[in-house]
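Here is how the chains run, residue by residue.
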Amino acid sequence: MTTLINKKNVASYWQSFPLTLVLCLFLVFPIIVIGIVSFWDYNEYSIIPAFILDNYEFLLTSSVTWQAYLKTFEYAFLTLLLTLGIGFTVAYFLAFHIRSSAMQTILFLLCTVPFLTSNIIRMISWIPLLGRNGLVNSGLQSVGLIDQPLEFLLYSDFAIILAYVHLYTLFMVTPIFNSMMRIDHSLVEAAIDAGASPFQILKDVIIPLSKSGIIIGSIFVFTLVMGDFVTVKIMGGGIRANVAILIYNEISLLQYPAAAAGAMILLITVIMMLVILFRLVDIRKEL
């Protein structure tokens, strides 16, 4: 009996070996290399293998870095709140107001249609809509609601948040919808029979049972926003910056050790936030 158990354990290790090898080669090893390079020195022409703390000291004492992190967290949390509100509403409608499974599938697929194009194309499509002479400003001026074009619509924090919500709402809809589809509708019917109001049903039944989907969606959105620089670069018009933009600029200037240090700090920050989210739900039981 013991021999049989040992053979099963060995077989399971061999089955997991290919995935472990891929993760080590393409995830763990690159992170180790970035961590090593982050302690190196550099000048205008080359990087110098050494062990210095100047890169981290500059990052942690620079007001620019702190402002970039505050702006990054602002983008992340605002996007998280907006996508959560929209995603929860859409998922609730699909799960509890659409009775036909076929119609649920069709409507869910309609939500995925924008993802058939690239992120950059979807962002650029906002420019003729939100620009100074775009459709929104032209329409508001034509009906007499404004006299001058609204400048905040494009190349602003508003435009960046709008693009983030547009890009990442589906990452919130999908896990929440998956969680809601697991909810036994008899629980909702029992709450109605017990005299619970719609708000009480939502607060005491739907939200607690959808917590895993909410947390998983939050993890997706938060990590995507924290590491994104293309959206900020395009929708911010080059006058807005977050942490990823700082790292991108350092790479463009061939300041690889400084960029590596920034990447490590960003990675540690994201991991700390994920640890907090993981403590709220056991992901292993939900996957």
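How each quantity is defined
- Residues numbered from 1 in each chain as written.
- Predicted model: local features only at pLDDT ≥ 70, side-chain atom pairs only at ≥ 80, totals over all residues.
- Heavy atoms only, no water.
- Helix = DSSP H or I, 4+ residues; strand = E, 2+ residues; numbered from the N terminus.
- Buried < 20%, exposed > 50% of the residue type's maximum accessible area, 1.4 Å probe, protein only.
- Contact = heavy atoms within 4.5 Å.
- Lys, Arg positive; Asp, Glu negative; His and termini not counted.
- Charge placed at Lys NZ, Arg CZ, Asp CG, Glu CD.
- Core = buried A, V, L, I, M, F, W, Y, C linked by side-chain atoms within 4.5 Å.
- Expected span 1.5 Å × (residues − 1).
- Bend = angle between axes of the 7 residues up to and from the residue.
- UniProt positions renumbered as here; feature names shortened; annotations may be inferred.
- 1 Å grid on protein atoms, 1.4 Å probe; cavity = no way out; pocket = protein on both sides within 12 Å on 5 of 7 lines; lining within 4 Å.
- Points joined across faces, edges and corners; volume = space filled by probe spheres on them.
- Nonpolar A, V, L, I, M, F, W, Y, C, P; charged D, E, K, R; others polar.
- Polar contact = N/O pair within 3.5 Å; in protein donor to acceptor, adjacent residues only side chain to side chain.
- pLDDT = per-residue confidence, 0-100.

Further remarks concern the overall build of the chain. Assigned secondary structure in the chain consists of 15 helices and two strands. For the C-alpha atoms alone, the extent of the chain along its principal axes is close to 85 × 70 × 35 Å. Out of the 287 residues in the chain, the part that is buried amounts to 35%. Across the chain, every contact between residues at least 6 apart in sequence was considered, and the portion connecting residues at least 24 apart equals 71%. Here the chain contributes 14 positively and 16 negatively charged side chains, and the mean placements of these two sets differ by 11 Å.

Another aspect to go through is the nonpolar core. Residues Met180, Ile206 and Met235 are the most contacted members of the largest nonpolar core, which totals 60 residues. Contact partners of Met180, with chain neighbours within four places excluded, come to Phe88, Ala91, Tyr92, Ala95, Phe96, Ile206 and Ser210.

Taking 1.5 Å as the rise per residue, helix α8 (residues 157-181) with 25 residues should run 36 Å; its terminal C-alpha atoms sit 35 Å apart, in good agreement. In α8, a bend of some 45° at Tyr168 exceeds every other bend along the element.

Per the UniProt record, "transmembrane region" (unreviewed entry) is found at residues 20-40, 75-94, 106-127, 152-173, 213-236 and 256-281. Helix makes up 86% of residues 20-40 and strand 0%. Its end C-alpha atoms lie 29 Å apart.

Moving on to the layout of surface pockets. Gaps left between atoms are located by rolling a probe of water-molecule size over the structure's atoms. Size it by volume and the largest pocket reaches roughly 360 Å³. As for the largest pocket, its lining consists of 15 residues, of which Ile247, Ala263, Met264, Leu266 and Leu267 are closest to the centre. Contributing elements (two or more residues each) for the lining of the largest pocket: α1 (2-37), α11 (211-226), α13 (243-252) and α14 (256-278). Residue contributions to the lining of the largest pocket peak at five residues, all from α14. Split into classes, the residues belonging to the lining of the largest pocket amount to 13 nonpolar, two polar and no charged. Along its surface, the second largest pocket is lined by Tyr92, Phe96, His97, Arg99, His185, Val188, Glu189, Ile192, Pro198, Ile201, Leu202 and Ile206. The residue inventory of the lining of the second largest pocket, partitioned by class, reads eight nonpolar, two polar and two charged.

Turning our attention to the side chain of Asn55. Tracing the backbone shows Asn55 in helix α2 (residues 54-61). A residue is classified by how much of its surface remains accessible, and Asn55, at 8% relative accessible area, is buried. Polar side-chain contacts of Asn55 include one of 2.9 Å to the backbone oxygen of Ser38. Residue contacts for Asn55: discarding those within four places in its chain leaves Ser38, Phe39, Trp40, Tyr42, Pro257, Ala258 and Ala261.

Residues with a pLDDT of 70 or more make up 94% of the chain, whose mean pLDDT is 86. Confidence, expressed as mean pLDDT per element, reaches its minimum in the chain at helix α15 (residues 283-286) with 61 and its maximum at helix α3 (residues 63-96) with 92.

Let us look at unusual backbone geometry. Located in the positive-phi region is Tyr155, a residue other than glycine, with phi close to 55°. By the element assignment, Tyr155 lies in the loop between α7 (135-142) and α8. For Leu254, which is not glycine, the phi torsion reads 65° and is therefore positive. Within the fold, Leu254 resides in the loop between α13 and α14.

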